[in-house]
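Structure at a glance
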Amino acid sequence: MSRFSRRDLLRAAGAAAAVASTTIVTGPAAHADTAGDGQGGNDSPGRQFFVATDGNDANPGTLPKPLATLEGARDAIRAWRQRTSDHTKAQVTVQLRGGVYRRTQSFTLDAQDSGSPGRPVTYTAYNGEEVRLVGGVDLPGTGFTPVTDQAIRDRLPAAARDIVQEVDLSALGISDYGRIVQTGYGLPTTVTPPELFFNGTSMTLARYPSTGFLKVGKVIDRGGNPRSVLGDPEKMAAEFAKGATFKYTDPRPSTWTDTSDVWMHGYWYYDWADGNLQIKSIDPASQQISTKTASMYSMRAGQRYYYYNVLEELDTPGEWYLDRATGKLYLYPPSSLPGATVLLSLLSDPMAVLDGCSHVTFSHLIFEGSRGDGISVTDGTSNVVRDCTLQLLGGRAVTFGDVTTADGPHGGSRNEVRGCHIQATGRGGISLAGGDRATLTPARNQAVGNEIHNYSRLQATYSPAVEIAGVGNRAANNHIYDAPHVAILFRGNDHLIEYNEINDVVQQTSDAGAIYAGRDWTGRGTVVRYNFLHDIVGIGGLGAFGVYLDDCFCGTTVTGNIFFDVSKDFLIGGGRDNTITNNVMLSGSSSITLDDRGLGWAAANVAPGGSWGMYNMLAAVPYQEEPWRSRYPNLVNIADDQPAYPKYNVVEYNALHNVRALSIAPSARTYGTVDHNLTLTADPGVVTVVNGKPTLANDDQIAAQLPGYQRIPMNRIGLS
């Protein structure tokens, strides 16, 4: 299967565009299964507007006399529509000439800026030219100078004093330095402080150790436990205010001069929940650190953490530090500064905001260098982000609605992100909400054919490449890789996750899954099929799982997936009505685990009034009414059907080689179906390794040995 970089595909698209005669470059959105407008094949008359970095918004927007800004183009379209009675019959295209367009505020569109079915308003690059929308400023390489302030030099490591360079941001007119605030698992999303990027690579705030982690020593005071009072904002705030105290085992903090804005990032209690804590005080005599606030689950000894934002630790190429009091930025250059591109992100709002806007397309554009999200869409229909690059962002790349709840409100419908390259984001990739859970009406939003990697630099956990909520959304043919935690997270109903390649995720965490959902009896109907998961090993402990249906999650069909060199392929955590069939599991430590936690350690959590809130979620949906009653018949009487038991699960026609046999709880066997699973003695040849890269071959041998097994369409898996 193809493993080229999406960058290569975009270059190819750009080359084709340079010689194309059409106004809009056609791309993957022309596929038959697109949710958007299919604008690549539209032959209707169109209106064009042109934008250039040397344009003027007083110009008419022609190629010889272009506009200067996106806002100028938007306003020109509005004015043209007021003058044109039949404007709804015209396809509108805004073509941006190559160059850098600085964004100091969100580009906003609302309902009046919509296109119409088959006639979208498209913002695109002209003839394949490189168009960069940048939410920051380039710092001139020539503006960096050696550090001369003796007080600063004395704080720098001796070996770095003559290497570290400084630039005065205040002298460049930059005064908004943001601030570091507490973030992490269970906390509200906040605006990222400015970040520094050098030749397209994110720099690291000066930290200790420069790589890896330290371990929390003896815990003197665990601090508050906000998770224990989840749902009560006042009590949670009171718990967060109770900082922790612990012993540090490495004496390095005792040498630091100023710790007023030193922070720590760590996995303070669980290896699947990260967050930061600001240091309140350091006592060198007792080697104790106290924090200003608590983490979500308090703190325990032996957990991993590191210090950051420490000037005294600016000792490694690619590290930097910002003195917010003086406006001085210090950098240990990773390479020569002259000729380098040094970008400081500044914009805190999304780079583009579509509110109630429909039939708008962004294509072949680069969104980068912002502290927030790339593109935010609320309550829109048939909006498309196609063949764009979204990178070096503090938040997510593209969001449709609100994915923080199973209902997934404000996601609109038939929106899509297709063929994009998403990398180096701070808190995830694509968010797909939408649909109506009361009526189980699907939104049909989708993320298709995207390359997504290094997508959770700042918040490591629960910042997935694709997050899905609501009803009836789809993630297909994406290549997702290089991340500390989850790849695809879903909640809600009737989603489709198919034909994705996922590898090298869950790299920093444990008790975590590449594809994950958890803790809901009502989140049913999702199908996870024909995905290729490989090289997923985690850090040990409870392990890294390929597919993880956690804490009694129910009603998911997982079929036709291929697992290769995945530490643990499945964990079905006590749920009901899950169907695990026709999967191929090769070269891992365990295959399928299906437990009965609701009858054991989790019994109190599942019970009425339990901390998981299972009955509350059940009461929130019309599960005994149509269409729920017909769609999910086993849910209708769940409260009277031993809900803690793992009933009605089906595990059959799965093939295993060089992986531990199924581990199925007796109660799951009693109340479910476990049959026709085959352990192969010889490698079936489904996966071959070519130049170190796993490649799909065929499943002929499995089909020959396992009657009832359905062939997997391997040629359709991966980037489309």
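The following refers to the structure shown. (Residues numbered from 1 in each chain as written. Predicted model: local features only at pLDDT ≥ 70, side-chain atom pairs only at ≥ 80, totals over all residues. Heavy atoms only, no water.)

Quick look at the overall build of the protein chain now. Looking only at helices and strands, one finds nine helices and 58 strands in the protein chain. In summary, the protein chain has a C-alpha radius of gyration of 27 Å against a globular reference of 27 Å for 720 residues, a match within 12%. Taking the principal axes of its C-alpha atoms as reference, the protein chain extends roughly 80 × 75 × 55 Å. Residue pairs at least 24 apart in sequence account for 71% of intrachain contacts in the protein chain once pairs closer than 6 positions are excluded. Roughly 26,700 Å² of accessible area belongs to the protein chain as shown, and the carbon and sulfur atoms make up 49% of that amount. If the 60 positive side-chain charges of the protein chain are averaged to one point and the 72 negative ones to another, these points end up 1 Å apart. (Helix = DSSP H or I, 4+ residues; strand = E, 2+ residues; numbered from the N terminus. Rg over C-alpha atoms; globule rule 2.2 N^0.38 Å. Contact = heavy atoms within 4.5 Å. Areas by Shrake-Rupley, 256 points an atom, 1.4 Å probe, with all protein chains shown as cover. Lys, Arg positive; Asp, Glu negative; His and termini not counted. Charge placed at Lys NZ, Arg CZ, Asp CG, Glu CD.)

Quick look at the pairing of strand 25 (residues 360-363) now. The side chains of a regular strand alternate, first on one face of the sheet and then on the other. Across the two faces of strand 25 the burial is the same, with V360 and F362 and T361 and S363 all buried. When strand 5 (residues 121-125) meets strand 25, the two strands line up parallel, connected through four bridges. Residue pairing for strand 25: T124 is matched across the bridge by S363. Here strand 25 runs beside strand 28 (residues 384-386); their pairing, made up of three bridges, is parallel. Looking at strand 28, one finds that F362 is bridged to V385. (Buried < 20%, exposed > 50% of the residue type's maximum accessible area, 1.4 Å probe, protein only. Pairing = 2+ DSSP bridges.)

Enumeration over the complete set of coordinates arrives at zero disulfides. There is no disulfide at C388, and the cysteine sulfur nearest it, in C420, is 4.9 Å away. Free cysteine C552: the closest other cysteine sulfur is in C554, separated by 6.8 Å. (Disulfide = S-S within 2.5 Å.)

This paragraph deals with the sheet that holds strand 45 (residues 544-550). Taking strand neighbours across the sheet as the criterion, the 12 strands line up as 4-24-27-30-33-36-39-42-45-48-51-54 in an open arrangement whose pairing is parallel. Either end of the sheet is taken by a strand with one partner, and the two such strands are strand 4 (107-109) and strand 54 (663-664).

Quick look at the sheet that holds strand 12 (residues 204-205) now. The strand order across the open sheet formed by five strands is 8-9-22-21-12, and the pairing between neighbours is mixed. Since the sheet does not close on itself, it has two edges, and those belong to strand 8 (145-146) and strand 12, each with one partner. Relative to strand 22 (residues 328-331), strand 9 (residues 165-168) runs antiparallel, the two being bridged by four bridges. The residue of strand 22 that forms the bridge with E166 is Y330.

With that settled, the discussion passes to the environment of R631. Mapped onto the elements of the fold, R631 is located in helix 7 (residues 628-631). For R631 and R524, which are 107 residues apart along the polypeptide, the C-alpha to C-alpha distance reads 9.2 Å. Sequence-distant contacts of R631, defined by excluding residues within four places in its chain, comprise L440 and D494. One polar contact links R631 to D494, side chain to side chain, over a distance of 2.5 Å. (Polar contact = N/O pair within 3.5 Å; in protein donor to acceptor, adjacent residues only side chain to side chain.)

Per the counting criterion, the structure on display carries 33 salt bridges. Here D577 and R524 are joined by a salt bridge, their closest N and O atoms 2.8 Å apart. Taken together, the positions of D577 in the loop between strand 48 (568-572) and strand 49 (579-581) and R524 in the loop between strand 42 (512-518) and strand 43 (527-529) put the pair 53 residues apart, joining distant regions of the chain. Where salt bridges share partners, they join R74, D75, R78, D110 and D113 into one cluster. (Salt bridge = Lys/Arg side-chain N within 4 Å of Asp/Glu carboxyl O.)

Now for helix 4 (residues 233-240). Along helix 4, the positions that sit buried rather than exposed are M236, E239 and F240. Down the axis, helix 4 shows its buried residues gathered within 100° of arc, on one side only. (Arc of directions from axis to C-beta.)

The next thing to look at is the layout of surface pockets. Of the volumes computed, that of the second largest pocket is approximately 1,100 Å³. In terms of lining residues, the second largest pocket is bounded by 47 residues, among which E195, T204, Y306, R457 and L458 are the most central. Elements with a contribution of two residues or more to the lining of the second largest pocket: strand 11 (201-202), strand 12, strand 18 (275-283), strand 20 (304-308), strand 21 (319-323) and strand 32 (421-425). Within the lining of the second largest pocket, the residues separate by chemical class into 19 nonpolar, 21 polar and seven charged. (1 Å grid on protein atoms, 1.4 Å probe; cavity = no way out; pocket = protein on both sides within 12 Å on 5 of 7 lines; lining within 4 Å. Points joined across faces, edges and corners; volume = space filled by probe spheres on them. Nonpolar A, V, L, I, M, F, W, Y, C, P; charged D, E, K, R; others polar.)

What follows is about unusual backbone geometry. That bond from Y208 to P209 is cis: its omega, -10°, falls within 30 degrees of zero. Counting through the fold element by element, P209 comes out in the loop between strand 13 (207-208) and strand 14 (214-215). For S298, which is not glycine, the phi torsion reads 70° and is therefore positive. Secondary-structure assignment places S298 in the loop between strand 19 (288-291) and strand 20. Given the relative accessible area of 1%, S298 is considered buried. Not every positive phi belongs to a glycine, and D379 is a case in point at roughly 55°. Here D379 is to be found in the loop between strand 27 (375-378) and strand 28. A residue is classified by how much of its surface remains accessible, and D379, at 40% relative accessible area, is partly exposed.

This next bit is on the nonpolar core. Membership of the largest hydrophobic core comes to 86 residues, with the highest contact counts inside it found for Y123, F362, F367, L390, I480, I502 and V505. Here this core gets five residues from one element, more than from any other, and that element is helix 2 (residues 70-83). Setting aside its immediate chain neighbours within four residues, I502 contacts I480, A487, I488, A514, I515, F532, L533, H534 and I536. (Core = buried A, V, L, I, M, F, W, Y, C linked by side-chain atoms within 4.5 Å.)

With that out of the way, let us pick up the environment of L680. Of note, L680 is situated in the loop between strand 56 (678-679) and strand 57 (687-690). Along the sequence, L680 and A655 sit 25 residues apart, while their C-alpha atoms lie 7.0 Å from each other.

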